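Read off the chains here:
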Amino acid sequence: MAQVEPTSIAPPSSWAAYEPTPASPWNSRRVLHLHRRAGFGVGWADLTRDIAAGPAATLKRLLDGPYYRDRIAPDFESISSSIADAAVVSGDPRRLAAWWLFRMLHGPDPLGERLSLMWHNHFATSVRKVADLAAMRQQNDVFRTMGRGRFSLLLDRTVRGPAMMVWLDAAQNQKGAANENLARELMELFVLGVGNYTEADIKQAARALTGWSVAGGKFVIQPETHDDGAKTVFGQTGPWNGDDVLRIVLSQPSAAQRLAWRLCKTFMGENVVDPAAMKELGDGLAARDLDIDWAVRTILTSQLFFSDANLNSLVASPTTFVISAMAALWTAPQPPSSVVLAEWTTRIGQELYAPPNVGGWPEGRSWLNTRTIIARANFAADLVEGKLAQSPHPPDLAGLAKAAGHGSDLAESAMFFNDFLAGGRLAPGTINAILTAAAGANLTDSQKLARVAALILSRPEAQLC
Amino acid sequence: MAAASRNFAIIVAFVAVSIAISDWLGAAATTAPVAIDDIPIEGRIIDSDGQPVESAIVTVQSVREAAATVGGIDQPGAADNMLPIIASPIDGKAPGLGQSATTGPDGRFRMTGLGRDRAVELTIRGPGIESDRIFVLTQHVPTETRTVSPAPGAAMAVTLFGSKFEFVAGPGRAISGAVRDAATGKPLAGVRVELMQTFGPQSDSVVPFPIQAITDLQGRYRLDGLPKRRGVVIAAVPIDQPFFVHEIPIEDVAGLADLAADFEMHRGVWVTGRVTDKSTGLPVMAHMQILPFSDNAVARKLPEFHLDLNGMSAAAVPSAGDDLNLTKADGTFRLVAVPGKSVLTATSVAGPYRTAAALLPPTTQPAPLPVTYQPAANADQVNGLATIDVPDDGAAAPANFEFDPGLRLKISIVDEDNQPLTGVLASGLQSARGGGPPQLEATANFDVGGLALDESRTLVLRQDARSLGAIVNLRRGDIKKGRLTIRLDPLCEASGRIIATKGATLAGITMTAQATADSGAQQINEPVAVNADGTFHCKCIGGAEYVLYVNQPGKGLKVAGRVRFTAVAGRSLDLGDLHVEPGK
């Protein structure tokens with residue numbers, strides 16, 4: 001099998017390009033891994049195509065996009081825009097969340113949406129305070145359109161967005177009455193990370209950021225409230241303004257390391273990336289003007305990304321879990337209701353546009369607790385019963401297993417769904433117990449199969465991606 | 001004849017919008033000319049998952065003059081208060097009115113015969129979607145969405161669709177159930193069940209949408225197209241049955257499955273009576289309302305008077321079914337009352353009469369009315385008012401009202417050149433305290449009624465399209481003479497800039513300019529347009545002394561600068577900078 005195409009700039013040694021080997025083959029497990037980390041899962045037909053195409057072509061398709069170029073209607077963007085417009089007019093944040101899920105499920109660029117979700121958590125902003133759906137949508141569009149470019153540009157557009165201005169009380173930050181929220185989060189969360197700045201830096205940066213405000217739903221600069229005196233930020237003294245603060249903060253060495261941390265937290269599993277590899281990635285970013293695209297390509301094409309240690313080592317977020325399960329199993333004639341899916345991601349613990357605080361969702365194991373585990377199982381049950389559409393219609397799971405060549409009996413189908421949904425990690429005893437549970441009821445074959453799929457989807461192993 | 005207000009607040013909001021938009025329309029709202037050519041409406045309906053909605057029924061509810069292009073929304077001065085389609089509807093003879101179209105498999109439909117440059121109100125109903133109403137312009141313009149403020153502090157997003165458009169329908173669901181007599185458990189047939197206003201996440205200014213059903217012999221009903229959102233309320237309205245209107249909030253249950261809700265109805269006591277004209281003895285068309293005393297022991301136990309919504313309980317008279325609370329052609333009425341004490345109000349729908357407040361002795365004004373369930377009785381806005389004490393046994397004494405027409409004054413409005421002027425918005429026509437929303441006068445001559453010789457009455461008159469206005473205190477001599485010509489002068493344009501300091505912000509700031517008419521009773525509120533850069537301006541009526549108020553939701557502000565000014569007709573006033581800082 002061919003080696004992955006080299007990226008334009010040779011990656012650091014810890015991030016050597018993936019090359020299939022007998023110990024690390026290009027198989028369904030790795031293709032699923034790629035799609036669940038870099039996107040939101042994949043259907044069986046695309047999975048088999050990618051296995052056949054090999055890693056180079058698949059990664060090229062995913063990275064260069066659009067991945068779903070074959071199935072996207074020409075008017076997709078127009079329809080998507082209409083749906084977003086209607087969501088904003090409705091005043092219901094759930095409708096705007098549904099629009100985003102619609103894009104994750106049906107859009108052309110799963111990696112773009114995945115990165116948008118990452119930035120939503122990085123620049124965590126809640127509609128509960130912003131209370132302006134147009135502003136939340138604008139921020140979301142910034143994530144989508146700029147989420148793979150230069151971090152400096154993404155940061156600039158995000159911070160200047162009306163949503164962030166309201167969220168971090170920028171308008172209250174005025175000469176003689178500083179509000180440090182924006183300056184603090186800029187350093188602590190967005191660019192540098194804890195321990196890489198002083199309280200004095202925050203106070204001085206807050207002064208420089210005075211005058212940045214929002215009015216009429218738009219970013220404005222109000223010279224009257226700007227403190228134009230000299231400030232010293234990270235040792236640099238001058239009559240700095242907001243632009244200067246962004247420039248100075250971005251020039252700190254820890255900026256690249258913070259960005260590398262965020263990307264690894266998103267794409268790599270727990271304890272997979274050692275400090276040296278993280279530093280290498282950060283150094284690479286620093287050398288490339290914080291080029292997000294370079295880092296994303298470096299990570300997703302790496303041997304480390306496809307290493308055994310990285311497979312099934314991350315708890316899937318509620319959004320990833322829901323959309324991946326839909327991509328895998330939903331064969332019903334009517335598409336699922338994205339509003340209903342938005343309800344489910346909320347019940348499972350991720351209400352889009354409403355992260356719990358400025359730090360975003362903690363992610364990882366914190367996604368799982370008694371309530372959310374039960375909610376995941378209930379979602380799985382509704383999915384296999386087809387209750388997620390306006391007109392309930394169960395997906396054809398038997399047909400799916402049969403198309404995959406595993407539909408001869410319930411046990412064989414169970415093995416298929418184990419591979420497809422849980423990375424093949426369920427022990428034989430567990431599968432037997434599931435088969436017993438499904439067979440014990442007075443159900444039709446398709447109902448039994450639905451129950452098997454739901455039980456597998458509810459297993460701890462299926463929560464990992 | 002206009003029906004009595006189902007929801008006074010909504011009507012006020014819409015009138016407020018009308019005031020604001022007529023400034024922008026550039027012409028007084030008048031009867032539209034007959035269309036001479038036609039731009040078809042070509043729409044496509046998709047659901048919130050991008051799927052075409054087949055078999056949706058699209059119906060023309062009203063047709064209005066568009067009177068301006070969508071691009072005009074961005075005109076200076078249009079600000080954010082404009083809702084251009086709330087102008088005078090063309091009457092029932094408008095071409096195309098009432099026609100329906102059904103969407104095909106691709107979700108598309110086409111309508112013709114509606115003319116050009118019209119704003120067409122369409123209702124849309126269909127399988128799996130929320131029933132909705134939209135406004136489409138028969139113009140080749142792009143679809144445009146604006147946030148408008150129909151009333152201070154309220155926000156509504158309004159979309160104006162161009163003649164070729166795509167409409168995304170929200171998800172809808174059905175609700176069904178039964179209506180029963182709470183005492184006997186027997187089903188109640190012939191009860192009207194309807195969707196009431198919804199209280200959305202950002203706005204509670206949603207116009208009631210006509211989703212209705214009548215219960216069958218088993219008391220069953222079904223409503224389709226219910227919106228899937230929080231704050232939905234449905235109501236059971238008994239027709240000619242002595243039960244109270246019952247409103248219940250509908251929980252936003254997850255998913256799209258149909259919902260169920262049953263109504264347990266409680267029986268009240270019929271109260272009857274008649275409303276007549278004191279001078280002629282003829283029947284009067286009036287809107288009646290019964291407001292139980294807040295300490296009415298029976299009302300306190302009835303769920304019908306305590307609607308729980310979003311965790312808050314409102315002690316209020318149900319507003320559903322208010323359209324039924326009208327006198328009949330012979331002036332008689334029959335209402336369902338709660339045993340015990342209530343206030344019974346009667347308000348003329350047909351013409352001006354002296355208000356209940358005006359009929360009270362001067363020393364008691366404002367009238368010391370008993371505290372009732374909401375809405376509070378307002379003697380300035382009703383023509384008859386009585387306290388009733390209804391016995392439990394169902395034998396309430398009839399309550400009759402004689403409305404006093406008082407004296408009439410014929411008004412003629414002219415402009416600066418003494419030419420007749422139409423399209424004037426007038427308040428003070430009904431009552432010294434304004435008496436409800438301003439009325440739009442289509443002709444230059446109209447009457448002020450319900451007057452007395454010794455009455456202190458102020459008329460506030462505006463013609464926004466021409467930027468003219470006047471405040472007139474009616475004098476005894478005028479009233480005695482029965483005729484008065486009023487000249488409207490150019491409005492005064494006041495402007496300035498607001499600067500936020502010491503931690504205050506401009507976010508969400510709204511301003512009003514308020515004056516008090518010379519009679520001392522009527523307040524004049526002018527909307528002030530505030531731009532993103534803090535500059536503001538408003539048009540005020542010459543001669544009045546105004547005070548500028550600056551508001552920000554949930555925050556106190558301290559304002560320094562020139563907030564008081566006297567408007568001078570035809571002048572531009574620069575009020576300079578207003579500095580706002582956080583206050584208590």
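Please refer to the structure higher up on the page.
Residues numbered from 1 in each chain as written. Chains lettered and ligands numbered in written order. Predicted model: local features only at pLDDT ≥ 70, side-chain atom pairs only at ≥ 80, totals over all residues. Heavy atoms only, no water.

A. Local environment of the overall build of chain B. Tallying secondary structure elements over chain B gives four helices and 41 strands in all. The 584 residues of chain B split such that 51% are buried. Looking at chain B alone, contacts between residues at least 24 apart form 73% of all its contacts between residues at least 6 apart. About 25,100 Å² of surface is accessible on chain B, with carbon and sulfur atoms providing 51% of the total. (Helix = DSSP H or I, 4+ residues; strand = E, 2+ residues; numbered from the N terminus. Buried < 20%, exposed > 50% of the residue type's maximum accessible area, 1.4 Å probe, protein only. Contact = heavy atoms within 4.5 Å. Areas by Shrake-Rupley, 256 points an atom, 1.4 Å probe, with all protein chains shown as cover.)

B. Representation of the overall build of chain A. Of the regular secondary structure elements, chain A holds 22 helices and four strands. For a compact globule of 465 residues, the expected C-alpha radius of gyration is about 23 Å, and chain A comes in at 23 Å, within 12% of that figure. Judged by the C-alpha coordinates and their principal axes, chain A covers about 75 × 50 × 45 Å. Taken over 465 residues, chain A has a buried fraction of 59%. In chain A, once contacts between residues fewer than 6 apart in sequence are set aside, the share between residues at least 24 apart is 71%. (Rg over C-alpha atoms; globule rule 2.2 N^0.38 Å.)

C. Seen up close, the packing of aromatic side chains. Residues and elements named next belong to chain A. In this structure the tally under the stated criterion is 28 aromatic pairs over all chains. Where Phe 76 meets Phe 102, the ring centres are 5.5 Å apart and the plane angle is 10°; that geometry is what we call stacked. Here Phe 102 lies in helix H4 (residues 93-106) and Phe 76 lies in helix H3 (residues 76-90), a separation of 26 residues in the sequence. For the pair Phe 76 and Phe 102, a shared accessibility class is recorded, and that class is buried. Members of the aromatic cluster, connected to one another through ring pairs, are Trp 119, Phe 123, Phe 143, Phe 151 and Phe 190. Here Arg 137 stacks its cationic end above the ring of Trp 99, 5.8 Å away from the centre of that ring. Above the ring of Trp 240, the side-chain terminus of Arg 247 is found at 5.4 Å from the ring centroid. (Phe/Tyr/Trp six-rings, centres within 6.5 Å; stacked < 30°, edge-to-face > 60°. Lys NZ or Arg CZ within 6 Å of the ring centre and 35° of its normal.)

D. View of the interface of chain A and chain B. Contacts between chain A and chain B engage 37 residues on the former and 39 residues on the latter. Both sides together, the interface formed by chain A and chain B hides about 2,800 Å², and carbon and sulfur atoms give 52% of it. On the chain A side of the contact with chain B, Val 89, Arg 94 and Gln 390 of chain A bury the most area, a combined 18% of that side's loss. Joining chain A to chain B, the criterion identifies four salt bridges. Among the ionic pairs, Arg 497 of chain B bridges to Glu 224 of chain A, the shortest N-O distance being 3.1 Å. At the level of secondary structure, the elements contributing two or more residues to the side of chain A that touches chain B comprise H3, H4, strand S1 (212-215) and helix H17 (338-347) of chain A. In terms of residue count, H3 of chain A provides more of the side of chain A that touches chain B than any other element does, seven residues in total. Among the residues making up the side of chain A that touches chain B, the classes are represented as 17 nonpolar, twelve polar and eight charged. (Buried area = accessible area lost by both parts, 1.4 Å probe. Salt bridge = Lys/Arg side-chain N within 4 Å of Asp/Glu carboxyl O. Nonpolar A, V, L, I, M, F, W, Y, C, P; charged D, E, K, R; others polar.)

E. Expanded view of the packing of helix H1 (residues 28-38) of chain A against helix H2 (residues 44-64) of chain A. All names here are of chain A. Two elements in contact, H1 and H2, have axes whose closest approach is 9 Å; the angle formed by their N-to-C orientations is 45°. Here H1 is positioned oblique relative to H2, judged by the angle of their axes. Considering only the axes of H1 and H2, their crossing is left-handed. Across the interface between the two elements, Ser 28, Val 31, Leu 32, Leu 34, His 35 and Ala 38 of H1 pack against Leu 47, Asp 50, Ile 51, Thr 58, Leu 59 and Leu 62 of H2. Taken together, the residues that form the contact of H1 with H2 break down as eight nonpolar, three polar and one charged. (Axes fitted to C-alpha atoms, helices over the stretch in contact; angles between N-to-C directions. Parallel < 35°, antiparallel > 145°, perpendicular 65-115°, else oblique. Left-handed = near helix turned anticlockwise from the far one by under 90°.)

F. The sheet that holds strand S22 (residues 332-337) of chain B, seen in detail. All names here are of chain B. Taken together, three strands build an open sheet; the order of strands is S22-S18-S25 and the sheet is mixed. Edge positions in the sheet fall to S22 and strand S25 (399-403), since each has one partner strand and no second. Taking each pair of neighbouring strands and ignoring which way they run, the sheet shows an average axis angle of 25°. Pairing analysis gives five bridges linking strand S18 (residues 269-277) to S25, with the strands arranged parallel. Bridge assignment links Val 275 to a residue of S25, and that residue is Phe 401. (Pairing = 2+ DSSP bridges.)

G. Inspection of the pattern of salt bridges at higher detail. Counted according to the given criterion, the structure contains 65 salt bridges over all chains. Beyond isolated ion pairs, a larger network of salt bridges with shared partners links Glu 77, Asp 85, Arg 103, Glu 113, Arg 137, Asp 141 and Arg 144 of chain A.

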